[in-house]
Amino acid sequence: MASIAVCHGNVVASQRRTAVTKAIVPRSTVAINRKVTSIKAVKRPEYIPNRIDDPNYVRVFDTTLRDGEQSPGATMTSKEKLDIAKQLAKLGVDIIEAGFPMASPDDFEAVKNIAMTVGNDVQPDGYVPVICGLSRTKFADLERAWDAVKHAKRPRVHMFLATSEIHMKYKLKMTREQVIDNAVKAVTHLRSLGCNDIEFSPEDAGRSDPAFVCQVLAEVIKAGATTLNIPDTTGWNLPHEFGGLIAHLRKNTPGAENVIFSTHCQNDLGLATANSLAGAFAGARQVECTINGIGERAGNASLEEVVMAINLRGQQQLGGLYTGINSVHITPLSRMVSDYSGMAVQPHKAIVGANAFAHESGIHQDGMLKNRETYEIMTPESVGLTRNHEDPGIVLGKLSGRNALNSRLKALNYTLSNAELDDVFKRFKNLADKKKSITDEDILALMNDELHQPKTIWDLVDLQVVCGTMGMPTATVQLKGPDGMMRIGVGVGTGPVDAAYKAIDSLVRVDARLVDYSVSSVTAGIEALASTRVIIRPAGKDSDEAFSEHSTLGKVQRSFSGNGANVDIVVASARAYISALNKMIGWLNHQQQSAATAARAASASA
C-alpha cells in the first residue's frame with residue numbers, strides 16, 4: 001500500500017488547492033454562538049443514483065437495520081425496524097439499508113414494509129430515502145432483494161462479493177476470473193429485473209490487491225453498477241491507507257467518473273470513523289454507518305461521529321464537505337436503537353454517551369461556568385439533548401400534570417399520541433409517588449420502557465416476591481395472557497429475580513435460555529429507577545426454528561432482547577424478561593405462520 005499512500009498525498013494536495021481556489025461558501029452553521037442550538041440540515045442535491053450534482057455533498061447510508069442487527073443479541077422485530085426506519089427518515093439519511101431479505105420470511109416482510117411505507121413518504125421538499133436491500137450475487141438472493149425493495153419510490157439493491165486472496169481461496173473457492181464473471185452476471189441479472197440503482201461491494205477490499213479491485217470495479221461499472229462501496233471489512237486499514245485506497249481506485253478504475261464511491265469501515269482497531277472521513281476526503285461521496293456504531297464484532301463507523309465531524313470540520317478541514325442530516329434527532333434515535341437492540345451505549349461514547357456533555361473536574365466546571373465553549377465544541381442541543389438548568393423553572397413531581405409532562409417530552413424531542421401519552425403519564429404518576437423529583441433521565445427511562453416495547457402477548461399485572469436468609473426465595477406473578485385472561489403462577493429460585501422468572505415461565509410455557517442479564521441505575525440515590533436488560537434465546541424444540549440466514553456466516557441462531565424500568569429491581573427485571581419473551585414468541589409465531597402458508601401454497605400448486 002506504500003505506493004498508494006503516495007498517490008493519496010497528491011490527491012490530498014490537489015483537493016486542498018481546489019478547495020482554496022473555489023472559495024467554497026459554507027453550507028451549515030456550527031454552533032459557535034451559544035444561541036445557535038442546532039446544526040440545520042440544508043437542501044440536498046436531487047437524487048440521481050450514479051452522480052451528485054454538488055461535488056461536496058456526502059450521502060449518508062445507514063445500515064443499522066442490516067449490519068447493525070448482525071451484532072450478537074441485536075435482533076429486532078418488524079415493528080421495531082419500521083419505527084427505526086421512520087426515525088432515520090426524520091434524521092434525513094439518504095439511504096436506509098433495511099435488511100437482508102433472503103435471511104428469513106420475517107426479514108423479507110420487514111424490508112418490504114419499510115419500502116412501502118417509509119420509502120413512499122415523500123416530504124414537501126421532495127426528500128424520500130432510498131430503501132436498500134442486501135444480497136449475495138446468487139440470482140435467488142438478487143430476486144428476493146428486488147422483490148422486497150421495488151415498492152419504494154427509490155429502490156436499491158446492494159450486492160457483495162469478496163476480492164481478497166484469503167476470501168477467494170478459503171471461503172468462495174473461486175479464481176479471480178470466476179469472481180469477475182460472477183459479479184458481472186449478478187449486476188446484469190439485476191438490471192434485467194428492472195433495478196437501475198445497484199451498489200456493488202468488493203468484500204474485504206481493504207486487504208485485496210488494488211489492481212484486481214480496479215479490474216473488478218471496471219467490469220461491474222460496464223455491467224451497470226451505480227455505486228461502488230469499498231469495505232474495510234476487518235477494520236485492518238489505517239486512515240492514510242484507506243484514504244489512499246479510495247484515491248487509487250478513483251484514479252485507476254475505468255469509468256470511475258460515472259459512479260459514486262462509498263466507504264464501509266469496520267471498527268476492529270477503533271478507526272472506523274477516522275477511515276470513513278479519510279475516504280470522504282479522498283473523494284468518496286457516500287459513507288456507510290450505523291447508529292451508535294453497532295455491527296459485526298467491534299461494530300461499524302458511528303453515524304453520529306461521522307456526521308458531526310463533517311458538520312463541525314467539513315468546511316475548514318475536509319474541503320467543504322457537508323451532509324443533509326438534521327442532527328437534532330440523533331440522541332432520541334440513539335436511545336431507540338439502544339432499547340430495541342438491547343445494546344447499551346457506553347457512558348464515554350462520543351456524541352451520545354451519558355458522559356459526552358458531563359463535566360466533573362473542578363477546573364473544567366469553572367471553565368464551563370464562565371464560557372461553555374472552553375470545554376464543549378458543540379452544544380448538546382445540536383444533537384437533540386437538553387439541559388435541566390435551561391428549563392423555564394418547571395420541576396416535575398407528584399403534583400405535575402399531563403400537560404407539564406407532555407411539554408417536557410416535546411423539549412426532549414419526543415412527540416406522542418394521546419394514547420401513548422396516557423400510558424407514560426400513568427407510569428410517571430406512579431413513580432412520582434415514590435420519588436420527590438423526576439429528572440429527564442427518569443422520564444426517558446419510563447418512556448423507553450413504555451413505548452419501545454414489542455407487541456404485547458403477555459403483560460405483567462402484579463408481582464410479589466418473598467426472599468431473605470430465612471428460606472427459599474418465592475415469587476408470585478399475575479400475567480394477562482394473549483387471550484385476555486388473568487393467570488397466576490408461582491416460582492421458587494436461587495434469588496428473587498430467578499424466582500420471578502421461573503414463575504413467569506410456568507405461565508408462558510415457552511422454553512427460553514437466558515444469555516445475558518444486566519441492571520443499572522438511571523440516576524443517583526436510593527430512590528433511583530433501575531433499568532434492566534436481558535437477552536434470551538429459544539431452547540428445547542423451539543431452538544431448531546430460531547435460525548436465520550446471515551449474509552456472510554450462513555445460518556445463525558437468533559437472540560431476543562428486552563428492557564424494563566422500575567424503582568423495584570425485581571419488577572424491572574420481570575418487565576425486561578417478558579419484553580424479550582414477547583419478541584421471541586412473536587417471531588416464532590410468524591415463522592410458523594409463514595411455513596404453514598408456504599405449505600398450503602405448495603399443496604395447492606401440486
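The rules behind these values
Residues numbered from 1 in each chain as written. Predicted model: local features only at pLDDT ≥ 70, side-chain atom pairs only at ≥ 80, totals over all residues. Heavy atoms only, no water. Helix = DSSP H or I, 4+ residues; strand = E, 2+ residues; numbered from the N terminus. Contact = heavy atoms within 4.5 Å. Areas by Shrake-Rupley, 256 points an atom, 1.4 Å probe, with all protein chains shown as cover. Salt bridge = Lys/Arg side-chain N within 4 Å of Asp/Glu carboxyl O. Axes fitted to C-alpha atoms, helices over the stretch in contact; angles between N-to-C directions. Left-handed = near helix turned anticlockwise from the far one by under 90°. Nonpolar A, V, L, I, M, F, W, Y, C, P; charged D, E, K, R; others polar. Buried < 20%, exposed > 50% of the residue type's maximum accessible area, 1.4 Å probe, protein only. Phe/Tyr/Trp six-rings, centres within 6.5 Å; stacked < 30°, edge-to-face > 60°. Lys NZ or Arg CZ within 6 Å of the ring centre and 35° of its normal.

## Considerations on the overall build of the protein
Here is step 1 of the chain: Check the secondary structure of the protein and you find 17 helices and 16 strands.
Here is step 2 of the chain: Of all intrachain contacts in the protein linking residues separated by at least 6 positions in sequence, the fraction that spans at least 24 positions is 69%.
Here is step 3 of the chain: Counting only carbon and sulfur atoms, one obtains 54% of the accessible surface of the protein, whose full area is about 26,100 Å².

## Digging into the pattern of salt bridges
Here is step 1 of the chain: This structure, assessed with the given rule, holds 25 salt bridges.
Here is step 2 of the chain: One salt bridge connects Glu304 with Lys349, and the closest N-O pair in it is separated by 2.9 Å. Separated by 45 residues along the polypeptide, Glu304 in helix H10 (residues 303–317) and Lys349 in the loop between helix H11 (330–341) and helix H12 (362–370) bring together distant segments of the chain.
Here is step 3 of the chain: It is possible to trace a salt-bridge network through shared partners that takes in Arg66, Asp67 and Glu97.

## Re the packing of helix H4 (residues 139–149) against helix H6 (residues 176–193)
Here is step 1 of the chain: Two numbers describe how H4 lies on H6: the axes approach to 10 Å, and their chain directions differ by 35°. As for the relative orientation of H4 and H6, their crossing is right-handed in sense. Of the residues in H6, those in contact with Phe139, Leu142, Glu143 and Trp146 of H4 are Lys185, Ala186, His189, Leu190 and Leu193.
Here is step 2 of the chain: Its residues placed into classes, the contact of H4 with H6 shows 6 nonpolar, 1 polar and 2 charged.

## A word on the environment of Ile310
Here is step 1 of the chain: Within the secondary structure layout, Ile310 lies in helix H10.
Here is step 2 of the chain: A residue is classified by how much of its surface remains accessible, and Ile310, at 2% relative accessible area, is buried.
Here is step 3 of the chain: Distance in space between the C-alpha atoms of Ile310 and Tyr322 is 6.0 Å, their sequence separation being 12 residues.
Here is step 4 of the chain: Setting aside residues up to four positions removed in sequence, Ile310 forms contacts with Leu277, Leu318, Leu321, Tyr322 and Thr323.

## With respect to the packing of aromatic side chains
Here is step 1 of the chain: Applying the stated rule across the entire model yields 4 aromatic pairs.
Here is step 2 of the chain: Taken together, a centroid distance of 5.2 Å and an interplanar angle of 70° make the contact between Tyr57 and Tyr322 edge-to-face. In this pair, Tyr57 is assigned in the loop between helix H1 (2–22) and strand S1 (59–62) and Tyr322 in the loop between H10 and H11, connecting sequence segments 265 residues apart.
Here is step 3 of the chain: Among the residues examined, Tyr322 registers a relative accessible area of 4% and is labelled buried.
Here is step 4 of the chain: Taking 6.0 Å as the distance between ring centres and 25° as the angle between the ring planes, the aromatic pair formed by Phe425 and Phe428 counts as stacked. Taken as a pair, Phe425 and Phe428 lie in helix H14 (residues 418–432) at a separation of 3 residues, close to a single helical turn. Neither Phe425 nor Phe428 differs from the other in exposure class; each is buried.
Here is step 5 of the chain: Over the ring of Phe108 we find Arg144; its NZ or CZ atom is 3.7 Å from the centre of that ring.

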